[in-house]
Amino acid sequence: MDALRTRDGQTIPYEHKRGRCHRDENKQPQAWESDRLQILAYAYLLESAFGITIKEGRIRYHADNVLVHVPVDDARRASVREAIQQARTLRQSTHRPPVIDNERLCARCSLAPVCLPEEARLAHDKEWQPIRLFPEDDERQVISCPDNRLR
Ligand code: SF4
């Protein structure tokens with residue numbers, strides 16, 4: 001986690017995100033679902049490791065300078081356990097999970113080189129117009145330094 005702070009006697013895990021927060025139908029700032037699960041998992045981990053109770057986690061979205069409070073309760077702890085169980089099930093599976101519907105998220109996803117979402121979409125839909133997620137030519141080169149001065 002990015003930070004662990006004590007406020008009014010409570011231990012609070014913090015997560016910092018460069019992007020913007022999610023907005024609900026009333027335009028109120030909310031955590032994205034994946035971010036919410038992440039901070040809840042941190043809280044659950046802290047509780048398990050240190051035998052303490054975490055009442056909330058906080059996520060700061062720097063692009064719009066918003067701090068979102070994420071309460072921790074039994075229902076949310078159960079959602080972490082369910083996610084862990086789902087991850088274990090997926091790990092046993094020989095089938096990949098489906099690619100996300102919102103293809104715009106894939107352009108900035110670090111998993112794209114192994115997920116190959118555009119290839120998956122094209123395999124599913126022959127009319128799909130794939131976008132290029134990787135450079136056409138791999139121009140990477142190894143820079144060597146004979147006397148190792150740059151190491
Ligand atoms: S590249 Fe794969 S893992 Fe990443 S957002 Fe797209 S579908 Fe999800």
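Basis of the calculations
- Residues numbered from 1 in each chain as written.
- Predicted model: local features only at pLDDT ≥ 70, side-chain atom pairs only at ≥ 80, totals over all residues.
- Pairing = 2+ DSSP bridges.
- Helix = DSSP H or I, 4+ residues; strand = E, 2+ residues; numbered from the N terminus.
- Axes fitted to C-alpha atoms, helices over the stretch in contact; angles between N-to-C directions.
- Contact = placed C-beta atoms within 7 Å.
- Expected span 1.5 Å × (residues − 1).
- Buried ≥ 20, exposed ≤ 12 C-beta atoms within 10 Å, placed from the backbone.
- Near = placed C-beta within 6 Å.
- Nonpolar A, V, L, I, M, F, W, Y, C, P; charged D, E, K, R; others polar.
- Core = buried A, V, L, I, M, F, W, Y, C linked by C-beta atoms within 7 Å.

Looking now at the sheet that holds strand β2 (residues 10–17). The mixed open sheet is built from four strands, whose spatial order is β1-β2-β5-β6. Every other strand in the sheet has two partners, leaving β1 (3–7) and β6 (66–71) as the edge strands with one partner each. Between one strand axis and the next, the sheet turns through 30° on average, direction left out of account. Sheet topology places strand β5 (residues 56–61) next to β6; six bridges connect them, and they run antiparallel. Directly across from Tyr61, in β6, lies its bridge partner Val66. Here helix α1 (residues 33–50) sits on the sheet and contacts β2, β5 and β6; the angle it forms with β2, its principal contact strand, is near 145°.

To continue, consider α1. In this model α1 runs 26 Å from its N-terminal to its C-terminal C-alpha over 18 residues, within 8% of the 26 Å that 1.5 Å per residue would give. Buried within α1 we find Asp35, Gln38, Ile39, Leu40, Tyr42, Ala43, Tyr44 and Leu46. Packed against the buried residues of α1 are β2, β5, β6 and α2 (74–92). Positioned one or two residues after α1, Gly51 has a phi angle of 65°, which is positive.

We now examine the environment of Cys109. Relative to the assigned elements, Cys109 resides in the loop between α2 and α3 (112–115). A sequence separation of 24 residues divides Cys109 from Leu133, and the C-alpha atoms of the two residues are 9.8 Å apart.

Surrounding the ligand, one finds Val99, Ile100, Leu105, Cys106, Cys109, Leu111, Ala112, Cys115 and Pro117. A per-class count over the shell around the ligand returns nine nonpolar, no polar and no charged.

The two faces of β5 differ: Gly57, Ile59 and Tyr61 on one face are buried, but Glu56, Arg58 and Arg60 on the other face are not. Bridge count between β2 and β5: four bridges; the pairing is parallel. Note on β5: the bridge partner recorded for Lys17 is Tyr61.

In this section: the nonpolar core. Ranked by internal contacts, the top residues of the largest apolar core, which has 14 residues, are Ala31, Ile39, Leu40, Ala43, Ile59, Val68 and Val70. Mapped onto this core, the elements with two or more residues apiece are α1, β5 and β6. Among the elements that take part in this core, α1 stands out by supplying six residues, more than any other. Setting aside anything within four residues of it in sequence, one finds Ile39 in contact with Pro13, Glu15, Gly57, Ile59 and Val70.

With that settled, the discussion passes to the environment of Val66. In this fold, Val66 is placed in strand β6. Classification of Val66 by C-beta neighbours within 10 Å gives partly exposed; the count is 18. Leaving out residues up to four positions away in the same chain, Val66 has contacts with Cys21, Pro29 and Tyr61.

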